[in-house]
Amino acid sequence: MTSTSTALPRSPASSLLRPSLVAPIVRNARHQRQQAFRQRRGLPKVATAVAAPERREQEAAPTGQASSVLGVILGGGAGSRLYPLTKSRAKPAVPIGGAYRLIDVPMSNCINSGISKIYILTQFNSTSLNRHLARTYNFGGGRFGGESFVEVLAATQTPTDKQWFQGTADAVRQYSWVFEDIKNRSVRDIVVLSGDHLYRMDYMAFVDHHRSTGADITIGCLPVGYDRASDFGLMKIDDEGRIIEFAEKPKGEALEKMKVDTTVLGLDAEAAKQQPFIGSMGIYVFKKDVMVDLLNNKCKDDNDFGGEIIPKAAVDHKVMAYLFNGYWEDIGTIRSFFDANLALTQNPPQFQCFDPTGPIYTSPRFLPPAKILKSSLKDAIISHGSFLRDCRVEHAIVGVRSRIDSGCDIKDTMIMGADYYESDEQRARILAAGQVPIGIGANTILRNTIVDKNARIGHDCEIVNKEGVDESIKEEQGFYIRSGIVTVLKGATIKPRTVI
């Protein structure tokens, strides 16, 4: 059983310190985290720049200088494959791991890598995402002269551009003018990230590789085998790791043509034999001037990075591959989301949120510890503020402020929790009125289920997809089935003794 989350440290006293005093401390702590991360991954150390004098604009930044790197996180499209979890929220705002949101993953990777200039591009259902970012990642906005910031850039219409974002590249294009703003004058490279992937990565190692190879563009890539190759955009490389060919989700003969010798990227012979393909992670490093030129001049009519701009850029630009050989999961469908979350309960898990050298941060909630009475727990994550009484929970995630009553049997299930508490008095009045309070009612059985936030499930329910239905739309009844997984909608009420 695990109950944990990491909130960004806040101190009223320290927030009043002058940036000239705070910055060296922050940089030194950041540098120590980077060095520990690199040592654990077997990467070369980066020389510290804590005591280095401020460099003039025309001087080249050193390889590991994070202040010359800008992060751009793409908020994603409508998230139709994750529906109904995206019915009222953007994909990056979807809760994961009991206490986090998807956006916390790339944001934490940026912070742990020392990147503190970050833009998040949003378009669909972005209210809760914007609220979470404002509450969690407040770097001061340069109020005391610092250069760190986290800013949301929302899709908008202007007198000269009346369209919403048309794709990943178009989203960045519409705000490309901010990259040349005075506050980004020291930025050399831009890291483009997705807001719906689960992985832990040192982005400065990614940038270091980009700079050391003299690349115009570097693509984060994974070694993949036959079982997953057709789910990726694949690449072929030469002996130096330069990308020379692209293919989008090839099959059959086209797939066979994309086989490469992945030992070039550092895999041993046996691993290269098992994983003879290189798949794109959908994350990139661009030289700033190259990105601006491609978006606004050479490829001004193209709207997608992976399918259009980068393949065209490879013709006359140096496009390199960067191998990431750790855990990575694209959480783009209900099935992949469900499986990736429940995988967090494994011991040991392939991905864990409480790695001391690279923690995943989230909003501080100031909730009490979970309270568990006379219950049986096995391979479960129980988040803070939860109350479990005389129940059985196995291979499940129980989110913040969850309430599970006596006699419940929960297995292979993700419960997202609640945004607020109902007091005992409120619950008594709700029950007296014949209604259902927030949480899981007594003697309810859950299997293969996602329970979205603030859901009310009555007593003696059985939600197990008894008939083995693969797809079913029952929104008016408060649930939805996709890929055989039952999702109880956010704020929905499932009446007592319901069988699904």
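Residues numbered from 1 in each chain as written. Predicted model: local features only at pLDDT ≥ 70, side-chain atom pairs only at ≥ 80, totals over all residues. Heavy atoms only, no water.

### Points about the overall build of the protein
In step 1: Per the secondary structure count, the protein includes 12 helices and 29 strands.
In step 2: Across the 500 residues that make up the protein, the buried fraction comes to 52%.
In step 3: By sequence separation, contacts in the protein at least 24 residues apart represent 65% of the contacts at least 6 residues apart. (Helix = DSSP H or I, 4+ residues; strand = E, 2+ residues; numbered from the N terminus. Buried < 20%, exposed > 50% of the residue type's maximum accessible area, 1.4 Å probe, protein only. Contact = heavy atoms within 4.5 Å.)

### Here we look at the pairing of strand E5 (residues 117-122)
In step 1: Within E5, six of the six residues are buried, leaving the element largely enclosed by the surrounding structure.
In step 2: Of the two faces of E5, both are covered, the one formed by Lys 117, Tyr 119 and Leu 121 as well as the one formed by Ile 118, Ile 120 and Thr 122.
In step 3: The pairing of strand E2 (residues 69-74) with E5 spans four bridges and is parallel. Note on E5: the bridge partner recorded for Leu 74 is Leu 121. (Pairing = 2+ DSSP bridges.)

### Brief notes about empty space enclosed by the protein
In step 1: A complete count under the given rule lists two cavities of 30 Å³ or more for this structure.
In step 2: Estimates place the volume of the largest cavity at around 60 Å³.
In step 3: Taken together, 13 residues form the lining of the largest cavity, with Ile 415, Gly 417, Ile 438, Gly 439 and Ala 455 sitting closest to its centre.
In step 4: In this model, the second largest cavity occupies a volume close to 50 Å³. (1 Å grid on protein atoms, 1.4 Å probe; cavity = no way out; pocket = protein on both sides within 12 Å on 5 of 7 lines; lining within 4 Å. Points joined across faces, edges and corners; volume = space filled by probe spheres on them.)

### Overview of the pattern of salt bridges
Where charged atoms of side chains with opposite charge meet at close range, the side chains can pair.
In step 1: Inspection of the entire model under this criterion finds 18 salt bridges.
In step 2: Here Lys 312 makes a salt bridge to Asp 302, at a shortest N to O gap of 2.9 Å. One end of the pair, Lys 312, is in helix H10 (residues 305-316); the other, Asp 302, is in the loop between helix H9 (288-298) and H10, with 10 residues separating them in the sequence.
In step 3: Salt-bridge contacts for Arg 447 lead to Asp 409; the nearest nitrogen and oxygen are separated by 3.0 Å. Taken together, the residues span a long stretch of sequence, with Arg 447 in strand E23 (residues 445-451) and Asp 409 in strand E21 (residues 409-415) at a distance of 38 residues.
In step 4: Looking at Arg 447, the relative accessible area reads 23%, which means it is partly exposed. (Salt bridge = Lys/Arg side-chain N within 4 Å of Asp/Glu carboxyl O.)

### Focus: the packing of aromatic side chains
In step 1: According to the stated counting rule, one finds 12 aromatic pairs in the structure shown.
In step 2: Relative to Tyr 480, the ring of Tyr 83 has its centre 5.5 Å away and its plane inclined at 70 degrees; by these criteria the two rings are edge-to-face. In this pair, Tyr 83 sits in the loop between E2 and strand E3 (95-96) while Tyr 480 sits in strand E27 (residues 479-482), placing the two residues 397 residues apart along the sequence.
In step 3: Given the relative accessible area of 23%, Tyr 83 is considered partly exposed.
In step 4: Here Tyr 199 and Phe 324 contribute two aromatic rings whose centre-to-centre distance is 6.1 Å and whose plane-to-plane angle is 75 degrees, an arrangement assigned as edge-to-face. You can see Tyr 199 sitting in strand E8 (residues 197-199) and its partner Phe 324 sitting in the loop between strand E13 (319-323) and strand E14 (328-330), a full 125 residues away along the chain.
In step 5: On the basis of relative accessibility, which here comes to 0%, the residue Tyr 199 falls in the buried class. (Phe/Tyr/Trp six-rings, centres within 6.5 Å; stacked < 30°, edge-to-face > 60°.)

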